[in-house]
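Structure assessment
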Amino acid sequence: MLKNWWHNTIGYQIYPKSFQDTNGDGIGDLKGVTAHLDDLVDLGINVIWLCPVNKSPMKDHGYDISDYEEIDPMFGNKGDLIELIREADRRGIRILMDLVVNHTSSEHPWFQRALEDPDGKYGKYYIIREGTDKGAPNNWRSIFGGSAWERIGDTNRYYLHLFTKWQPDLNWENPALRQEIYEMVNRWLDLGVRGFRVDAISHLKKDFSAPDLPVDGADGLADGFAFFTNAEGIGVFLNELKENTFQRHDAMTIGEVDEGLPPETLEKYIGENGYFSTIFDFCHSIFHVNSAKWKDQPVAMMDEIKKLLFEKQAMVNGRGLLCNYLENHDLSRTVERFIPENEIDFYSSSLVAGINFFLPGIVFLYQGQAIGMRDFRKERLDEFRDPTTFVLYEEQIRNGMTAEESFDQINRESREHSRTPMQWNSAPNAGFSTVEPWFAVNPNYREINYETQKKDPNSLYAFYKKMIALRKSGDFQELFIYGSFDPLYEDEPGVIAYRRSYDSRSVAVINNAKPDEAALTLPGTVKSTLLSNYDTIVINSGIIHLKRYQTVVLELL
Ligand code: NOJ
Ligand code: CA
């Protein structure tokens, strides 16, 4: 594998709205990110991905951009971004922005002009079709529920929106649109942005070859995913995008490529000449210990996750690097998803981190993850803030759930749980803001906060620092990035373990991902202990005795 600067990434995702408010309006801003750069240096990170900060009506919290050239005043201005880039650069941190080009906001001037004149220049920037005698041009369901088509006024024309109706899809078949996007991307790169997380990118190409699909829900619609995810021909767009922008700037790009990437195309996406530097892998993101399927079976769930993680690694097998993450702004918090409620503590929280952290690939953390922020369950639906939550609620009711069932499910799995304000300290509003924040702070902030954990050498934060320091240490950095991957104890229930080897070094990462102890025959002679979430590691006659949720990293002879 050709070596690249971004291979050494210890990344940190920031949801700016909830990171730090500096001007007392209850909303996080760019100056708030700059204010915490030294804290991120302390943790050991070197790349930041900022969720969207462009101008937006915030129907999807910034994933609906109405002006690609401007920063939303809610977050500050371009000067603040330049300042952030400069200050980050001084500390060896690179800034990635979020590139949202599958769709714009319905308030984007391009779309407004398209509505006025669907046959004109800007009408061709979007996907506008005649309706049929049944209504919408086809029966695709939008990813956020309801028809993927919205009628334009009282005409017989409809526009496509794979996400909410406030996010019309751009027409990538139009070269003029593509050119306009490339120029915009290059302007941000010229400004000093070092790359992008590229939103919803697997949906750029739509395959309209099929007529209506068989209806599969009470809404009378059909799941059209296979027709608008990594559709045949998408590579032409992705390659052109890369060649005209990223490649020219040696940018780092992380494609948000939903599941469904055929293994044989992997190299095209993340190989040496791939469309992206890396992609986020979704394989673990659908699991939840409290879902109907996994309730009371947490160990079986871990085994299923192990199977998928290992299959993914076998598939990649040195052909590129995945971007390994546990949390983001679209998922509830890690421990809530992977650990039964009564087992959540320092050990299980650090164990989950250990599973993911040393896999081949690069690492990305989400704000609050390193201090173990938890979900804040709501009493009422109207305490949520995301329009898509309400769309989902209505959809679930339409599909036969009771109001209570739907609310329970949302309360358990909502992506909004990760969006509560960052818990910096035990001051009012967790030090996030001097006024009431836009979204309620989790009341547990007096116990779970950055300041307290930073002082405590036994905190989860301290453990994350140790993991990061190990990954970055001169002796092991290349091993964790480029080393081979071999599963260990694959059939041992609840144990997720692997060996990483590079040059003459070899390391075993052993995670006992269950509430019971485990005794395992070691795969070799231990040279040294590199990391453990318990003070002691018991090894007798070649057998390692692991405590509940113990994670260890051992160097082998
Ligand atoms: C993925 C983003 O992560 C999510 O937050 C957003 O709603 C959709 N893409 C649509 O842009
Ligand atoms: Ca603010």
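Refer to the structure printed above.
Quick caveat, the model's predicted, so the values are computed rather than measured.

A few words now on the sheet that holds strand β17 (residues 518–521). Each strand in a sheet pairs with another by means of backbone hydrogen bonds, the pair being arranged parallel or else antiparallel. Here three strands make up an open sheet; going across it, the order is β17-β20-β19 and the pairing antiparallel. In the strand order of this sheet, the two ends are held by β17 and β19 (538–540), each with one partner. Each strand axis lies, on average, 25° off the axis of its neighbour in the sheet, ignoring direction. Alignment of β19 against strand β20 (residues 543–546), held across three bridges, turns out to be antiparallel. The partner of I539 across the bridge, within β20, is I544.

On to the packing of helix α5 (residues 175–191) against helix α7 (residues 234–244), then. α7 packs onto α5 with a crossing angle of 40° between their chain directions and a minimal axis gap of 10 Å. On the basis of their axis angle, the class for α5 and α7 is oblique. Like other packed secondary-structure pairs, α5 and α7 cross with a definite hand, here right-handed. Within the contact between the two elements, α5 uses R178, Y182 and N186 and α7 uses F237, E240, L241 and N244. When its residues are assigned to classes, the contact of α5 with α7 shows three nonpolar, two polar and two charged.

W172, I181, F196, F276 and F358 are the most contacted members of the largest nonpolar core, which totals 141 residues. In contact with F358, other than residues within four places in its own chain, are M467, L470, R471, F480, Y498, R500, V509, L531 and V553. Of all hydrophobic cores here, the second largest spans 14 residues; its members include V495, I510, L554 and L556.

A few words now on the site of ligand 1. Not every one of the 13 residues close to ligand 1 is listed here, only the nearest: D60, R197, D199, H329 and D330. One of the side-chain nitrogen or oxygen atoms of D330 is found 2.4 Å away from an oxygen atom of ligand 1. For ligand 1, the protein covers 97% of the area, taking 300 Å² as the surface of the free molecule. Judged by its atoms lying within 2 Å of the grid points, ligand 1 is housed in the largest pocket.

Before going further, it helps to examine unusual backbone geometry. If you check the backbone angles, D250 has positive phi at about 50° while not being a glycine. Structurally, D250 is set in the loop between α7 and β10 (252–255). Phi is positive for Y549, which is not a glycine, with a value near 50°. Inspection of the secondary structure puts Y549 in the loop between β20 and β21 (551–556).

Quick look at the side chain of K205 now. By secondary structure assignment, the location of K205 is in the loop between β9 (195–198) and α6 (225–228). Taking the relative accessible area as the measure of exposure, K205 reaches 16% and is therefore buried. Within the structure, K205 has its side chain in polar contact with the side chain of E173 (distance 3.1 Å). With near-sequence residues (within four places) excluded, K205 lies in contact with E173, F227, F228, A231, E232, G233, I234 and F237.

With that settled, consider the coordination of the calcium ion (ligand 2). Around the calcium ion (ligand 2), the protein supplies D21 (OD), N23 (OD1), D25 (OD), I27 (O) and D29 (OD) as donor atoms, at distances of 2.3 to 2.4 Å. Judged by its relative accessible area of 6%, D21 falls in the buried class. Judged by relative accessible area, D25 falls into the partly exposed class, the value being 35%.

So, about the pattern of salt bridges. On inspection of all chains with the given rule, the structure shows 43 salt bridges. We note a salt bridge from D212 to K134, for which the minimum N-O separation is 3.1 Å. Of the two residues, D212 sits in the loop between β9 and α6 while K134 sits in the loop between β6 (128–130) and β7 (149–151), which places them 78 residues apart along the sequence. Judged by relative accessible area, D212 falls into the partly exposed class, the value being 35%. For K134, a relative accessible area of 67% corresponds to the exposed category. Residues joined in a network through salt bridges with shared partners are D60, D330, D386, R415 and R419.

Read from one edge of the open sheet, five strands run β14-β15-β16-β21-β18, paired in antiparallel fashion. Unpaired on one side and paired on the other, β14 (484–488) and β18 (526–532) mark the two borders of the sheet. Neighbour-to-neighbour, the strand axes of this sheet turn through a mean angle of 20°, independent of strand direction. As paired strands, strand β15 (residues 495–502) and strand β16 (residues 505–512) are joined by eight bridges and run antiparallel to one another. Looking at the pairing, R500 lines up with V507 of β16. Docked against the sheet, helix α11 (residues 346–357) engages β15, β16 and β21, running at close to 140° with respect to β16. Strand contacts of helix α15 (residues 460–472): β18 and β21, with the helix running at about 135° to β18, the strand carrying the most contacts.

Definitions and cut-offs
- Here the residue index of a chain counts from 1 through its sequence in written order.
- Think of it this way: whatever chain is written first is A, whatever ligand is written first is 1, and the rest follow in order.
- With the structure being a predicted model, the display of local features is reserved for residues of pLDDT at least 70 and the display and counting of side-chain atom pairs for 80 or more, all residues being used for whole-chain, interface and lining totals.
- With hydrogens and water excluded, all non-hydrogen atoms of the structure serve as input to the side-chain values.
- At least two bridges found by DSSP between two strands is the condition for calling them paired.
- A helix here means a DSSP run of H or I that spans at least four residues, while a strand means a run of E at least two residues long, and both kinds are numbered starting from the N terminus.
- In this analysis, axes come from line fits to C-alpha atoms, helices being fitted only over the stretch in contact, and the angle between any two N-to-C directions falls in the range 0 to 180 degrees.
- Small angles under 35 degrees read as roughly parallel and large ones over 145 as roughly antiparallel, with 65 to 115 read as roughly perpendicular and the rest as oblique.
- Left-handed describes a crossing whose near helix is turned anticlockwise from the far helix by less than a right angle; the clockwise case is right-handed.
- We call two residues in contact whenever any of their non-hydrogen atoms come within 4.5 Å of each other.
- Ten residues, namely Ala, Val, Leu, Ile, Met, Phe, Trp, Tyr, Cys and Pro, are considered nonpolar, four, namely Asp, Glu, Lys and Arg, are considered charged, and the remaining ones, Gly among them, are considered polar.
- By convention a nonpolar core is built from buried Ala, Val, Leu, Ile, Met, Phe, Trp, Tyr and Cys residues, the set being connected through side-chain atoms within 4.5 Å.
- The classification of residues rests on relative accessible area computed with a 1.4 Å probe and restricted to protein chains. Under 20% of the type maximum is buried, over 50% is exposed, and intermediate values are partly exposed.
- Any residue with a non-hydrogen atom lying within 4 Å of a molecule or strand is treated as near it.
- Counting of polar contacts relies on pairs of N or O atoms within 3.5 Å, with two restrictions inside protein: one atom must be capable of donating a hydrogen and the other of accepting it, and residues adjacent in sequence are counted only when both atoms are side-chain atoms.
- Computed by Shrake-Rupley with a 1.4 Å probe, the accessible areas treat only the displayed protein chains as cover when residues are assessed.
- Computed over the protein atoms alone on a 1 Å grid, cavities are sets of points where a 1.4 Å probe fits but cannot get out and pockets are open sets with protein on both sides within 12 Å along at least five of seven lines; a residue lines them when it has an atom within 4 Å of a point.
- Molecule-in-pocket calls rest on the fraction of atoms, with more than half required to lie within 2 Å of the cavity or pocket grid points.
- Metal sites are built from N, O and S donor atoms within 2.8 Å, or 3.2 Å for Na, K and Ca, and they leave out water, so they may look incomplete.
- Whenever Lys or Arg places a side-chain nitrogen within 4 Å of a carboxyl oxygen from Asp or Glu, that contact is recorded as a salt bridge.

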